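# Reading the structure
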Amino acid sequence: MLLFALIVSGLSACQSTSGTLYEQIGGAEGNEKLVDAFINQIGNDPVILPFFENASVAHFRAGFLTHLCDVLDGPCEFRGDSMVQIHTGMHIGESEFNRVVELLVAAMNERRISTPLQNQILARLAPLRGEVIHR
Ligand code: HEM
């Protein structure tokens, strides 16, 4: 019985593997910490930062938070412009898209998100590639 209790408490201290992806990243707090780490990565990247030259960080943060919450099955509905509308005119290519994915992975590593969970998150974002690049 003691062993069982130890195993259960040990499991709950680790990342949960049940519930929505949003719950698994730690809900609203986990989402905010992840998005802030991502924004910090963007802020330090000489290739990607120039894309955000005229963007408001606060606006991007709020929009990305809601969008990610929505994509990860959290209790949010992103009602902003479509991914195509937002990124049209930015002339984003494959390499810039891949770089942004790398920055998100770096942010997820920083937040100690497990590799299997990272892969599930990336699988949700990958289909958006065509809506973001060459626009
Ligand atoms: C799957 C990949 C991506 C997703 C899901 C995504 C999603 C978003 C979202 C939700 C917003 C905020 C929209 C709003 O509320 O107004 C946004 C804005 C923005 N995105 Fe992306 N994005 C992706 C890839 C990229 C890439 C690769 C770049 C550039 C290399 C980029 C550059 C920007 C910029 C500059 C803005 C700010 C626009 C502004 O407010 O002026 N995005 N993106």
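The rules behind each value
Residues numbered from 1 in each chain as written. Predicted model: local features only at pLDDT ≥ 70, side-chain atom pairs only at ≥ 80, totals over all residues. Helix = DSSP H or I, 4+ residues; strand = E, 2+ residues; numbered from the N terminus. Contact = placed C-beta atoms within 7 Å. Axes fitted to C-alpha atoms, helices over the stretch in contact; angles between N-to-C directions. Parallel < 35°, antiparallel > 145°, perpendicular 65-115°, else oblique. Left-handed = near helix turned anticlockwise from the far one by under 90°. Nonpolar A, V, L, I, M, F, W, Y, C, P; charged D, E, K, R; others polar. Near = placed C-beta within 6 Å. UniProt positions renumbered as here; feature names shortened; annotations may be inferred. Core = buried A, V, L, I, M, F, W, Y, C linked by C-beta atoms within 7 Å. Buried ≥ 20, exposed ≤ 12 C-beta atoms within 10 Å, placed from the backbone.

Moving on: the overall build of the protein. Per the secondary structure count, the protein includes eight helices and zero strands. Put simply, the protein runs from its N terminus to its C terminus through helices and strands in the order α-α-α-α-α-α-α-α. Sequence-distant contacts in the protein: of pairs separated by 6 or more residues, those separated by 24 or more amount to 74%.

A separate point is the packing of helix 3 (residues 27-43) against helix 6 (residues 94-110). Two quantities define a packed helix pair, namely the angle between the helix axes and the distance between the axes. Relative orientation of the contacting elements helix 3 and helix 6 amounts to 130°, with a least axis distance of 8 Å. Compared by their axis directions, helix 3 and helix 6 come out oblique. Every pair of crossing elements has a handedness; the one defined by helix 3 and helix 6 is right-handed. For the pair formed by helix 3 and helix 6, the contact residues are Leu34, Ala37, Phe38, Gln41 and Ile42 on the first element and Leu103, Leu104, Ala106, Ala107, Met108 and Glu110 on the second. Of the residues contributing to the contact of helix 3 with helix 6, the split by class is nine nonpolar, one polar and one charged.

On to the site of the ligand, then. With respect to spatial proximity, 20 residues lie near the ligand, and among them Ala55, Gly63, His67, Gly80 and Val100 are the closest. For the shell around the ligand, the secondary structure elements donating two or more residues are helix 4 (57-71), helix 5 (83-87) and helix 6. In terms of residue count, the dominant contributor to the shell around the ligand is helix 4 (five residues). Per-class residue counts for the shell around the ligand are 14 nonpolar, five polar and one charged.

Looking now at the UniProt feature "binding site: heme" (unreviewed entry) in the protein. In the UniProt entry, the feature "binding site: heme" (unreviewed entry) is given for His87. Within the secondary structure, His87 sits in helix 5. For His87, the residues in contact, after removing those within four places along its chain, are Ile92, Val132 and Arg135.

Another aspect to go through is the nonpolar core. Counting 16 residues, the largest nonpolar core has Leu34, Phe38, Leu72, Leu103, Leu104 and Ala107 as the members making the most contacts within it. Residue assignment for this core shows that the elements contributing at least two residues are helix 3, helix 4 and helix 6. Counting residues per element, this core draws most heavily on helix 6, which supplies five residues. Leu103 has contacts with Phe38, Gln41, Ile42, Asp45 and Ile48, leaving out every residue within four places of it along the chain.

The subject of this paragraph is the packing of helix 3 against helix 4. Axis separation between helix 3 and helix 4 bottoms out at 10 Å; the angle between their running directions is 130°. Classified by the angle their axes make, helix 3 and helix 4 are oblique. For the pair helix 3 and helix 4, the sense of crossing is right-handed. Seen from helix 3, the contacting residues are Asn31, Glu32, Val35 and Ile39; seen from helix 4, they are Val57, Arg61, Phe64, Leu65, Leu68 and Cys69. Partitioning the contact of helix 3 with helix 4 into residue classes produces seven nonpolar, one polar and two charged.

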